[in-house]
Amino acid sequence: MAAGDGEGKEPAAVVELAGKELGMESDMDAEMDAVAAEALRLLRIEPSAPGPGAGRAGGAEGPRSRNALRKLRRWQRVVSARHGQRRRERQRRRARTAAGPGPGPGPGPGGTVPVGLARERLLRARTAGPRLCVDLGVAGGMTEKESGRLASQIRRLYGTNRRAARPFWLCLTEFAAGTPIYEQCHRMNDGFERYLMDRTPESYLDLFPLDTIVYLTPDSENVLEDIDPDKVYVLGGLVDESIHKELTLRRAREQSLQTARLPIREYMVRAPNTRNYHSETLAINQVFDILCTYYETRSWPVALRAGVSAGKGYMLPEPAEQRETPQHTTAQGNSLFCGEELQKQEAPV
């Protein structure tokens, strides 16, 4: 009987032990589930959440320490910048959508264009489209950092042109081997050798008739009103953090060239900002975004929205459609194509 009793108690003990282990496992699973649920809840915090130190347990709002206030202000700046970036991106998307797909098939997923279609459009622009030259003759005094930034802007400019339904034909002038910008373009831009554009150590003065060249500079008194496919537009290839005012304007006048500026003040207004900063000086890829968008849409408000960032201190008035016709002042009323009168105005003194 004793042996039988021992044999009967052993399975019961095993069952009891197994039950305890299962209970412990269940507790651990429950605890892990709670941790996972809490992690998921934290991961699902919206960007507009109040941020660190926004509240207290039980909803009580007690006095915050200086450190907590500093963290809160930093979080609010991050959220505000994020919202502003998203708003600007939405505006850029609307501008691209308003531009329409243009003639022929449009871009594929992600804004990409089939290689064959892009090549066909670019080669067509070589014979029938407007030309845009980047004048690298002004890039000699730039630092290595500035040359690297200019190389990045050239890459972005080419990418925009490659995706455009109505591209320009691009040309890098005074692009000589051994110069800093030459080395940076080949070092930083993958496949630069395969870019469908002209590269030459010569000046645009040696390549095109003077009366077809228009030098685009923000310091010009003449407003660019339209894009003429028979003209050659020149952008100064310059990234100068100290910004020498009227450098490109003086260069164009010394060469007896026509000049023009984008109609920013005619279609946009100064936006209030804490720094009271307003600038019409844009990077070459931003200028080209405006030119390319206008060439497709024939709308300056749409084009300026696509290229002028909020950081420049300008914005379109609402509604933008009411300002399709620019308002010229006497000082700003010079048209780009005024024949002999314009050439007399642009002649160097």
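Cut-offs and rules
Residues numbered from 1 in each chain as written. Predicted model: local features only at pLDDT ≥ 70, side-chain atom pairs only at ≥ 80, totals over all residues. Heavy atoms only, no water. Helix = DSSP H or I, 4+ residues; strand = E, 2+ residues; numbered from the N terminus. Buried < 20%, exposed > 50% of the residue type's maximum accessible area, 1.4 Å probe, protein only. Contact = heavy atoms within 4.5 Å. Areas by Shrake-Rupley, 256 points an atom, 1.4 Å probe, with all protein chains shown as cover. Pairing = 2+ DSSP bridges. Right-handed = clockwise from strand over helix to strand, strands pointing away. Axes fitted to C-alpha atoms, helices over the stretch in contact; angles between N-to-C directions. Parallel < 35°, antiparallel > 145°, perpendicular 65-115°, else oblique. Left-handed = near helix turned anticlockwise from the far one by under 90°. pLDDT = per-residue confidence, 0-100. Disulfide = S-S within 2.5 Å.

### Looking at the overall build of the chain
Item 1. A count of helical and extended segments in the chain gives ten helices and ten strands.
Item 2. Across the 349 residues of the chain, 39% fall into the buried class.
Item 3. A separation threshold of at least 6 residues defines the contact pool for the chain, and within that pool the share at least 24 residues apart is 78%.
Item 4. For the chain, the accessible surface area stands at approximately 20400 Å², while carbon and sulfur atoms represent 53% of it.

### Focus on the pairing of strand β2 (residues 169–173)
Item 1. Most of β2 is tucked away, with five of its five residues classed as buried.
Item 2. Where burial is concerned, the two faces of β2 agree: the one with W169, C171 and T173 and the one with L170 and L172 are both buried.
Item 3. Examined bridge by bridge, strand β1 (residues 131–135) and β2 share five bridges and lie parallel to one another. Pairing of C133 across the sheet is with C171, part of β2.
Item 4. In this region the chain leaves β1, passes through helix α4 (residues 144–163) and returns to the parallel neighbour β2; the handedness of that crossover is right-handed.
Item 5. Two strands pair when backbone bridges link them, and β2 and strand β3 (residues 198–199) are joined in this way by two bridges, in the parallel orientation. Looking at β3, one finds that C171 is bridged to D198.

### Things to note about the sheet that holds β1
Item 1. What the six strands build is an open sheet, ordered β3-β2-β1-β6-β4-β7; its pairing is parallel. Because the sheet does not close on itself, it has two edges, and the strands there are β3 and β7 (258–260).
Item 2. Contacts from α4 reach β1 and β2, with the element oriented near 160° to β2.

### So, the packing of α4 against helix α8 (residues 284–297)
Item 1. Relative orientation of the contacting elements α4 and α8 amounts to 15°, with a least axis distance of 8 Å. By the angle between their axes, α4 is roughly parallel relative to α8. Crossing of α4 over α8 shows right-handed handedness. Judged by residue contacts, L150, Q153, I154, R156, L157, T160 and N161 of α4 engage I284, N285, F288, D289 and C292 from α8.

### Remarks on the confidence of the model for the chain
Item 1. Overall, the prediction assigns the chain a mean pLDDT of 77, with 67% of residues at 70 or greater.
Item 2. Low pLDDT (under 50) marks residues 1–11, which in the prediction has zero contacts with non-local residues, meaning those over four places away or in another chain.
Item 3. A low-confidence stretch, residues 51–59 stays under pLDDT 50, and its non-local contacts, those more than four residues away or across chains, total twelve contacts.

### So, the state of the cysteines
Cysteine pairs can be linked by a disulfide, which is a covalent bond between their two sulfur atoms.
Item 1. One pass over the full model with this rule turns up zero disulfides.
Item 2. Distance from the sulfur of C133, which forms no disulfide, to the nearest cysteine sulfur (C171) is 4.4 Å.
Item 3. Here C133 falls in the buried class, since its relative accessible area comes to 1%.

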